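Summary of the model geometry
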Amino acid sequence: MRRTYLGVLAASLAAVLAGTVDAVDYEWTGGIGDWLDTGWSPANPVWDGNADGNIVDGTMNLTPASRPSNPIRDVYLIPAGGSPVLNISGDLSGRTILLGNSGSSGSATVNQTAGTVSTTGTGYIGYKGTSTNTYNLSGGTWNAAGNIFSIAHTAGSSGTVNLSGGTIHHTASGSGTYFLVGRYGNATLDMSGGMLESSAYKFALGYYAASTATMNLRGGLLRFTGGLFYVGMAGHGSLYQSGGTNENTELIIANQAGLGGLYSISGGTLTASKYISLHSADAVFEVDGSGADSIEAGAILAPAGTLRFKLDEDGSTLVRAVGGYDDRGIELSGATVEVETLAGFSGEIGDTYDLMWSANGFTADGMVFTNLGSVNFGWDIVPENGGETMRLVVLPDPAPQPLRLMSYNIHHCENSNGVINLSATADVIGASDPDLVALQEVDKNTTRSGNVDQAGELANTLGMEYRFGKAIDYQGGEYGVAILSRFPILSDTLYILPNPSNAEPRVALEIQVAVPDVRGRTNILSFVCTHLDSTSDATRQDQAEAIVDALALLKHPVALAGDLNAEPDEAPIDLLRSAGYAYLDREEKPTFHADNPTKKIDYILVRTSGLPLASVPVTVVDEQAASDHRPVVADLFLDAPAGWLAGYGLPQSDLQGFVDSDGDGMDDYSEWLTGTDPTNALSFFGIQPSGSGDVPTGFQLQWNSVTQRTYRVEASTNLVDGVFQTMESGIQGLEGTTEYIDTSAAGKAQAFYRVSVE
């Protein structure tokens, strides 16, 4: 039989009218009517000039009065930079509807509002080319009986099906039949009403690796009665369900690693009669709030991937594994369960929320549980209704975990009896359980230390990584500084320090590590160990200046630790502090000589690059025998505004996003730095140390006030914990400003105040 197309050439049409061509191919009820000429806009259709007669531009209307009485072969809309449109309100039978082909550009559109379209071959919405291809179905029916229904069939193609009413029946079944949303190209299936039903072997969003497929299910019924329903088969697939119903058998998310799949449901009903499977590490199943009517499967299988629950004021829709699939329940052995809260969530400590219920129980060994938001949830699995429920409970916020730093001049592990005792040094370090350790006077393979790599041995004993920085060659080996780290060391740099007095050479060793802040986020930290010259004030000053210059361009926090051979009131320490290195040990406890220390020469200083410090407790360890120096330990809270902001109920955003919460002309970050209350509209004029010298004798506050009011002052020195104590109440306001001096703050590095009207 001769191959013909809807929209034949003028010569072919003449042959029809002359009765010289097989009537089965070219006979239409009611003559040519709207079907071939008068329905076109413009009146003369635009062809591509080849024998196939592809429609490349113009608008055609298929109405009940103009339907062909016999099947046609194919409907091809192949734009050549044009915009062909086919409006269907009548019936049509044929083999294939195809939008877009090789070399096509522009847009091709089918709008079906009524009638029945019956096709026996593949339906292609975006076959080849770069054209934009759209099938809008708001009424009527498309009965597609071909083995394949394909949206965006080849690489570079695009296709969209908008289903707001009517029905698509894909009646193919058995092996080798597919409903493909994104075979190779970029596809969208948008469903707000009507029904889409397929009995194919596979239904796939994102079939091959090059494809990207998105489905938005907002209404209507999606019913897949075949086998495997893929959200990301070998390509990228996303399904966002905010309404409607999805009925399928075997729902598989992210079938292949590296090519993600996301199923996000915030409304409607989801049923998988056998199972929902998170098939690879890139699979995400997300329950967005409590708006879905029902989420149910025979089993939930998650050997990998992420189950994400977003809780609104009513929690999230309960995910139910009702059984019926090989007696399997909810298997989370390789999964991550993430929980966060949405606007309106108001849970209080002790409130519980159910996430999942399984008729056949849970397997959760090896599951990772993660709180994504500011609410601290715990979880448990409890018996309920003949099965088991995974239940959340709101817990108090955990105390922020500090980063523990240590500086220790180990005197090449020689103890007070003159004996090399490396195990004693390891015991001293291990007792403080530090995360990062700066070591000075370290031997590596020297004769006096028994040809031992001391830093390597300490690291091995303590289960840490290490780096050594040589200052000099010594006794057949090397001598210098070292760093131990519980975190993987990302990089290391050794700086040779100036030595104008020609004394023993000195170095500074820097490592960079990724460390968590108080919110669990990752931050890069430079940890620097040094041992400054012991013979010359000028040399020490030059060496301190060289360290400042070497680290000046770093934008992340820097912790500098070591034996600086300078006391707190000496020039090298002043230089470092003026360069932004916070002097953490305000009590100035002496560190040398270990048995009866009288001088403070060992330090931990921090340059936070704009991140203030809420609390940095510093301890000089009372250790007298393992070395001639005592170790110094500091607990550092990086990104300390987290606890401070939470204490005031403020958004815990980046510092750059701080606003002026109380309208007093100072943004929240500035108020942190001055120690004032960001939610207080009393407009602090200032807070400053009283007294003189580096160690204040108190803090002086001033705020605007009126004589008719009395005020209360509360203070805290550790805003990570957010504990405030009343300093004084019943303070009579003065006209203009009121002043208060907190003398109890003497000797403290910083204090934070709240003033309230009584």
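Everything quoted here is computed from the prediction, not taken from an experiment. (Residues numbered from 1 in each chain as written. Predicted model: local features only at pLDDT ≥ 70, side-chain atom pairs only at ≥ 80, totals over all residues. Heavy atoms only, no water.)

**Some words on the overall build of the protein**
Note the threshold: Numbering goes from the N terminus for both helices and strands, where a helix is a DSSP run of H or I of at least four residues and a strand is a run of E of at least two. The buried label goes to any residue with under 20% of its type's maximum accessible area, the exposed label to any with over 50%, and the partly exposed label to all in between, with areas taken from a 1.4 Å probe on protein chains only. What makes two residues a contact is simply this: any of their non-hydrogen atoms within 4.5 Å. Each accessible area is a Shrake-Rupley result for a 1.4 Å probe, and residues are judged covered by the shown protein chains and nothing else.
Helix and strand counts for the protein come out as 9 helices and 50 strands. The buried share among the 758 residues of the protein stands at 53%. Considering only intrachain contacts with a sequence separation of at least 6, the fraction spanning at least 24 residues in the protein is 69%. Working note: accessible area of the protein is about 29,600 Å², and carbon and sulfur atoms make up 47% of it.

**Brief notes about empty space enclosed by the protein**
Selection rule: Space inside and on the surface of the protein is sampled on a 1 Å grid over the protein atoms alone, with a cavity defined as a set of points where a 1.4 Å probe fits but cannot get out and a pocket as an open set with protein on both sides within 12 Å along at least 5 of 7 lines; lining residues have an atom within 4 Å of a point. Grid points are joined across faces, edges and corners, and a volume is the space filled by probe spheres set on the points. The residue classification treats Ala, Val, Leu, Ile, Met, Phe, Trp, Tyr, Cys and Pro as nonpolar and Asp, Glu, Lys and Arg as charged. All others, Gly included, are polar.
Evaluated as defined, the whole model comprises 4 cavities of 30 Å³ or more. Within this model, the largest cavity holds a volume of roughly 70 Å³. Sorting elements by how many residues they give to the lining of the largest cavity places strand S36 (residues 477-485) first, with 3 residues. Residues that form the lining of the largest cavity fall into these classes: 5 nonpolar, 2 polar and 3 charged.

**Comments concerning the sheet that holds S36**
Across a sheet, paired strands are connected by hydrogen bonds in the backbone, their directions being either parallel or antiparallel. Applicable threshold: In this description, strands pair whenever DSSP reports at least two bridges between them. Angles here are taken between N-to-C directions and fall from 0 to 180 degrees, while the axes themselves are lines fitted to C-alpha atoms, restricted in helices to the stretch in contact.
With mixed pairing, the 6 strands of this open sheet are ordered in space as S35-S36-S34-S33-S44-S43. Looking along the sheet, the strands with just one partner apiece sit at the ends: strand S35 (465-474) and strand S43 (618-620). In this sheet, adjacent strand axes meet at a mean angle of 20° when their direction is disregarded. Relative to strand S34 (residues 436-444), strand S33 (residues 403-409) runs parallel, the two sharing 5 bridges. When the sheet's bridge partners are listed, Leu 405 is paired in S34 with Leu 436. Strands S33, S34, S36 and strand S44 (632-636) of the sheet are contacted by helix H4 (residues 422-432), whose axis makes an angle of about 155° with S33. Across the face of the sheet, helix H5 (residues 454-462) comes into contact with S34, S35 and S36 while running at roughly 25° to S36.

**Quick word on the pattern of salt bridges**
Condition: By definition, a salt bridge exists where a carboxyl oxygen of Asp or Glu is found within 4 Å of a side-chain nitrogen of Lys or Arg.
Under the definition given, this model contains 19 salt bridges. As a salt-bridge pair, Arg 308 and Glu 286 come within 3.1 Å of each other at their nearest N and O atoms. Of this pair, Arg 308 sits in strand S24 (residues 306-311) while Glu 286 sits in strand S22 (residues 283-288), placing them 22 residues apart in sequence. Salt bridges linked by common partners bring Glu 286, Arg 308, Lys 310 and Glu 338 together as one network.

**A word on the packing of aromatic side chains**
As a reminder, the rule being used: Stacked, tilted and edge-to-face are the three classes applied to pairs of Phe, Tyr and Trp rings, where Trp contributes its six-membered ring and a pair requires centres within 6.5 Å; stacked means planes under 30 degrees apart, edge-to-face means over 60, and tilted covers the rest.
Evaluated as defined, the whole model comprises 17 aromatic pairs. The interplanar angle of 0° and the centroid separation of 4.9 Å between the aromatic rings of Phe 179 and Phe 203 together place this pair among those described as stacked. Linking Phe 179 in strand S15 (residues 178-181) with Phe 203 in strand S17 (residues 202-205), this pair joins segments that are 24 residues apart in sequence. You can call Phe 179 buried: its relative accessible area is 1%.

**Comments concerning the pairing of strand S7 (residues 107-112)**
Note that strand S4 (residues 85-88) and S7 share 4 bridges and pair parallel. Considered in S7, the bridge of Leu 86 is made with Val 110.

**Some thoughts on the nonpolar core**
One broad trend across soluble globular proteins is that nonpolar side chains are buried collectively. Defined as follows: Throughout, nonpolar core names a set of buried Ala, Val, Leu, Ile, Met, Phe, Trp, Tyr and Cys residues whose side chains join them through atoms within 4.5 Å.
In this structure, Tyr 135, Phe 203, Ile 276, Phe 285, Leu 332, Met 356 and Phe 377 are the most contacted members of the largest nonpolar core, which totals 81 residues. Setting aside residues up to four positions removed in sequence, Tyr 135 forms contacts with Ile 88, Ile 97, Val 110, Gln 112, Val 117, Ile 125, Trp 142, Thr 160, Val 161 and Asn 162. Among the nonpolar cores identified, the runner-up in size contains 28 residues, and Leu 436, Ile 483, Cys 529 and Ile 604 belong to it.

**A closer look at helix H7 (residues 571-578)**
Which entries qualify depends on this criterion: Each direction from the helix axis to a C-beta atom contributes to the arc, which is the arc of those directions.
Pro 572, Ile 573 and Leu 576 are the residues of H7 that are buried. Along the long axis of H7, the arc covered by the buried residues comes to 100°, so they all point the same way. Of the surrounding elements, those touching the buried residues of H7 are helix H6 (537-551), strand S40 (558-563) and strand S42 (602-607). Positive phi shows up at Gly 580, right after H7, with a value of about 100°.

**Looking at the side chain of Asn 133**
This is how the line gets drawn: In the analysis that follows, any N or O atom pair within 3.5 Å is treated as a polar contact, provided that within protein one partner can donate a hydrogen and the other can accept it, and provided that, for residues neighboring in sequence, both atoms belong to side chains.
Assignment of secondary structure puts Asn 133 in strand S10 (residues 132-137). Classification of Asn 133 by relative accessible area gives buried; the value is 1%. For Asn 133, the side chain forms a polar contact with the main-chain oxygen of Ser 131, separated by 3.0 Å. Only 3.0 Å separates the side chain of Asn 133 from the backbone oxygen of Ser 158, close enough to count as a polar contact.

**Quick notes on unusual backbone geometry**
Residues Phe 592 and His 593 are joined by a peptide bond in cis, for which omega reads 0°. Checked against the element boundaries, His 593 lands in the loop between strand S41 (582-583) and S42. Although it is not a glycine, His 412 adopts a positive phi angle of roughly 45°. Assignment of secondary structure puts His 412 in the loop between S33 and H4.

**Description of the confidence of the model for the protein**
Just so we agree on the cut-off: Confidence scores per residue from the predictor, reported as pLDDT, run from 0 to 100.
When pLDDT is averaged across the protein, the result is 82; 78% of the residues are at 70 or more. In this model, residues 1-53 is a region of pLDDT below 50 whose contacts with residues beyond four sequence positions or in other chains number 91 contacts. In this model, residues 692-696 is a region of pLDDT below 50 whose contacts with residues beyond four sequence positions or in other chains number 8 contacts.

**Some words on the environment of Asn 255**
By secondary structure assignment, the location of Asn 255 is in the loop between strand S20 (236-253) and strand S21 (261-278). When its relative accessible area of 22% is taken as the criterion, Asn 255 is described as partly exposed. Along the sequence, Asn 255 and Tyr 230 sit 25 residues apart, while their C-alpha atoms lie 7.2 Å from each other. Among residues more than four places away in sequence, those in contact with Asn 255 are Tyr 230, Gly 232, Met 233, His 279 and Ser 280.

**Examining H4**
Among all positions in H4, only Leu 422, Thr 425, Ala 426, Val 428, Ile 429 and Ser 432 are buried. An end-on view of H4 places all buried positions within 160° of arc, on one side of the element. Exposed and facing more than 90 degrees away from the buried side of H4 are Asp 427 and Ala 431. In this fold, the buried residues of H4 make contact with S33, S34, H5, S36 and S44. Within two residues after H4, Asp 433 carries a phi angle of roughly 50°, on the positive side.

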